[in-house]
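Structural description and commentary
Below are the chains, spelled out letter by letter.
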Amino acid sequence: MEMINLAIAVIYFYLTGVLVLKLVTPKRERANALYAISMSWILGLSVSTFAFFLFSLIFPKVTLIHLLAIPFLLAFANYYFKKKVKLVIEKRDLIGLAVVSLIGILLSISAFAKPIFSFDAIAFWSAKARAIFIDGRVSTETLKLFMSSDYPLLVPVSQAITSMFVGSFNLVFVKALTLITSLNILILIYYSVSKYLHF
């Protein structure tokens, strides 16, 4: 059941990002599929994290209902503005996906074969994410308890949101989120380099 909930969290981030990307793209413009995939994930994480901050200012505890309102509002905005974007797949996209998939398999073996042992990953990111998940909001009182409380909170908040979907805080799912983010950044780098070098 937790794996299904993790899949729902991944779909939520992608869906939110897709709706944001459609909203900011000019009408009837053609968009590269590889670019759309990677940017959708990054935008989904960013918008969801920002919304979590805003909800933390308004509500005593942020719930899944608050978070699920975001894609519904974005879908309504897309419908209202009648936004349509045509995705284009090029040959270089297939090469890029093959390369990133291979890297993803290697990273998955490396990431899931051993526990998290990095001090930064545990003290700075995962501990804050667990505290945000338990509190159900971002609060300065909680963050003051941690070292480097001025670090950016994109990673801990996105981990907390994923944990809210799953129903519990699990470092395995944190690894999965980090892995997906890394692969999407690799896709974006590949797309940018291939476009610049014209291959």
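So, here is what we can say about the structure in this document. (Residues numbered from 1 in each chain as written. Predicted model: local features only at pLDDT ≥ 70, side-chain atom pairs only at ≥ 80, totals over all residues. Heavy atoms only, no water.)

With that settled, consider the environment of M3. Its location among the elements puts M3 in helix α1 (residues 2-24). Among the residues examined, M3 registers a relative accessible area of 56% and is labelled exposed. As a C-alpha pair, M3 and F173 span 170 residues in sequence and 8.7 Å in three-dimensional space. (Helix = DSSP H or I, 4+ residues; strand = E, 2+ residues; numbered from the N terminus. Buried < 20%, exposed > 50% of the residue type's maximum accessible area, 1.4 Å probe, protein only.)

All right, on to helix α4 (residues 91-112) then. For α4, with 22 residues, the first-to-last C-alpha span of 32 Å sits near the 32 Å given by 1.5 Å per residue. Restricting attention to buried positions, one finds in α4 the residues R92, D93, G96, V100 and G104. Buried residues in α4, looked at end-on, bunch into an arc of 100°, giving them a common side. Projecting away from the buried face of α4 at angles above 90 degrees are the exposed residues K91, L94, I95, L102, L106 and I109. (Expected span 1.5 Å × (residues − 1). Arc of directions from axis to C-beta.)

This brings us to the nonpolar core. Counting 29 residues, the largest nonpolar core has F52, L67 and I161 as its most contacted members. Put simply, the parts of the chain that give this core at least two residues each are α1, α2 (33-58), α3 (64-80) and α7 (154-166). Per-element accounting of this core gives the leading share, 8 residues, to α2. Look past the residues within four positions of F52 in its chain and what remains in contact with it is V62, L67, I132, G136, R137, V138, V157, I161 and M164. (Core = buried A, V, L, I, M, F, W, Y, C linked by side-chain atoms within 4.5 Å. Contact = heavy atoms within 4.5 Å.)

With respect to the helices and strands, the residue L153 is situated in the loop between α6 (140-143) and α7. As for L153 and L143, which are separated by 10 residues in sequence, their C-alpha atoms are 10.0 Å apart. Setting aside chain neighbours within four positions, we find L153 in contact with T49, F53, K128, V138 and L143.

Right, let's get into the side chain of T25. Within the secondary structure, T25 sits in the loop between α1 and β1 (30-32). In this structure, T25 is in contact with K83 and V85, ignoring residues within four places of it in sequence.

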